[in-house]
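Structure at a glance
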Amino acid sequence: MHRLDIKQKTDIRLVDISPDFWYPIAWSKELRRGKTIGRYFGRQSIALIRPKRGPVFALENRCAHRQVPLSKGTVEGDSVKCCYHGWAYGRTGKCLDIPYLGKDENREKIINRVRSYPCREAGGMIFVFPGDPEKADKVPFPQLAQVNNPAFKTRQFNPSVKCHYTFMHENLMDMNHQFLHRRQMGQIRARYLGGETGEDFVEARYSFARTGTQQPLAERLIFGKHTYDPNKIQPVEEVVTIRTTYPYQRLFIHDKDGDLVMELFAAYVPNSPSGKSCQTFGLLSVLRPQTPLLIDIIWPVLGIFTNRIFQEDKEVVEMEQRAWNELGGDRNREVFPIVNKLRDLLINNGITH
Ligand code: FES
Ligand SMILES: [Fe+2]
C-alpha cells in the first residue's frame, strides 16, 4: 500500500513503535551486580542480567523449558539459573546446564536456547535492541543530552505514563498547551518561529512571550529576569527547539546569543503488551551558571518545577488515552500543521498492523 493511503486509514494509537532502534528499558542503578530484573518492551518480555563481573546482558524473559520468567532466577557467574528447575543460560541465550540430567545426557539435551538481545549501557541507562539484531551495529546510538559534558548538570526523570507513546511526542511538540501549565509558568504564550521536517525528523521552534508580570523562580534563576512591557512585542530571549528524530525526542533551549543552555533527551518506551502505557527515560541537562554553587542551590527548585509540569502533562495525556479507549478510536482534529507532520512521521516510521 502507498504510504499516503496507510496514513489516512491508520489509527495512530494502534501503530507500534519500530523495534529497530536502541531503547532504554531500565536505569543502571535499578540493577545491582549479581541481580536480574524483568522489563517489557511492548509485547516482548526481557530479562536484564548483571553478573558479578562483566557487562549487563539481555535475554528473552521466558525459560525455554516452561516459559517461567528468567528474571525470577538467580545469577551465577556469567549465567542466569531459572528459578523452577534450575536450567542455566549464558549471555548468548544458550542453555548451558540442566542440573538434574547426567553429564552425557546433559550434553545432548542442551540444544535449548532463548533469544538474546544486543545490550549496551550508557548515560545511566540500560539499552537493548529489540528488533533485527543484524541491524544493531548499523543503527546510530542516540546522543544523550549533555550527560558527558561537565559544563552541564544532568537530571534523570522516569515517569511511567498510562498512554500510547505517540501522545507523549505530541504533547511536547505542541507548545500551544502552555495554558495547561499556567499555575506553574505564569501567563506565557508560545510564539511559533517555524519548523522543519525530513524523512526521520520533525522540528518546531518557539519563543515564549510573557503576558503577565509574574515569572517563576526556577526560570528566573536560570534565565535571569525577563521584563514585561505590555506595549511592546517582546524580544526573543531564548529559542526552544523541539525535535522528534525518530524514535527519540529532544528539546534544546538556546539563549539570545545562540548558546545552548538546556537540553532534554526523552525516549518513550512502550512497557506493556497492550501498548497503552510507556515509560519515559528522560535526561535534562542544564548549563552550569558562572557562579558554581548556584546550580546546586537552584537544582531542587528546578526539580520541583519540572516535576509539577510533568505531572500536569501526565494527567492530560492519560485523559487522552481514556477518551481513545471509551470512543474506540482516534477522533483527533489536529489543526496545527507541525503536529500533523509529527503524526505522519510516527505513522510512517512505526509498525502498522
Ligand atoms: S521452567 Fe525453567 S527450568 Fe523449568
Ligand atoms: Fe507540557
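Higher on the page you've got the structure.
In short, a report on the structure. (Residues numbered from 1 in each chain as written. Chains lettered and ligands numbered in written order. Predicted model: local features only at pLDDT ≥ 70, side-chain atom pairs only at ≥ 80, totals over all residues.)

Notes on the sheet that holds strand β11 (residues 125-128)
The strands making up a sheet associate through backbone hydrogen bonding, with each pair oriented either parallel or antiparallel. So the rule is basically this: At least two bridges found by DSSP between two strands is the condition for calling them paired. Counting from the N terminus, the helices are DSSP H or I runs at least four residues long and the strands are E runs at least two residues long. Axes, fitted as lines to C-alpha atoms, cover a helix only where it is in contact. Angles between the N-to-C directions of the axes lie from 0 to 180 degrees.
Spatial strand order, β1-β11-β10: three strands in an open sheet with antiparallel pairing. Edge strands, defined here as strands with exactly one partner in the open sheet, are β1 (23-27) and β10 (119-122). Put simply, the sheet's adjacent strands are angled 30° from each other on average, direction ignored. Bridge analysis of β1 against β11 gives four bridges, and the strand direction is antiparallel. Paired with Trp27 across the two strands is Met125, which belongs to β11.

Remarks on the nonpolar core
This is how the line gets drawn: Core membership is restricted to buried Ala, Val, Leu, Ile, Met, Phe, Trp, Tyr and Cys residues, and these are joined into a nonpolar core through C-beta atoms within 7 Å. Our exposure labels follow a C-beta count within 10 Å of each residue's own C-beta, placed from the backbone: buried means 20 or more other C-beta atoms, exposed means 12 or fewer, and partly exposed covers the counts in between. An automatic or database domain assignment is the source of the domain bounds shown. Any residue pair is listed as a contact if its two C-beta atoms, each placed from the backbone, are within 7 Å.
Judged by nonpolar contacts, the single largest core of 72 residues is most densely connected at Tyr23, Ala58 and Val128. By residue number, the principal contributor to this core is strand β18 (residues 260-270), which donates seven residues. Both domain 1 (32-119) and domain 2 (152-349) contribute no fewer than three residues apiece to this core. Non-local contacts of Ala58, meaning those with residues more than four positions away in its chain, are made with Ile46, Ala47, Leu48, Ser116, Tyr117, Cys119 and Val128.

Topic: helix α3 (residues 165-173)
Here α3 lies mainly inside the structure; nine of its nine residues are buried. Of the positions making up α3, those classed as buried are Tyr165, Thr166, Phe167, Met168, His169, Glu170, Asn171, Leu172 and Met173.

Remarks on unusual backbone geometry
Following Tyr246, the chain continues to Pro247 via a peptide bond in cis, the omega torsion being 0°. In this structure, Pro247 sits in the loop between β16 (238-245) and β17 (248-255). The backbone of Ala145 shows a phi angle near 45°, a positive value even though the residue is not glycine. With respect to the helices, strands and loops of the structure, Ala145 is situated in the loop between β11 and β12 (152-157).

By themselves, these observations are geometric and do not establish any function.
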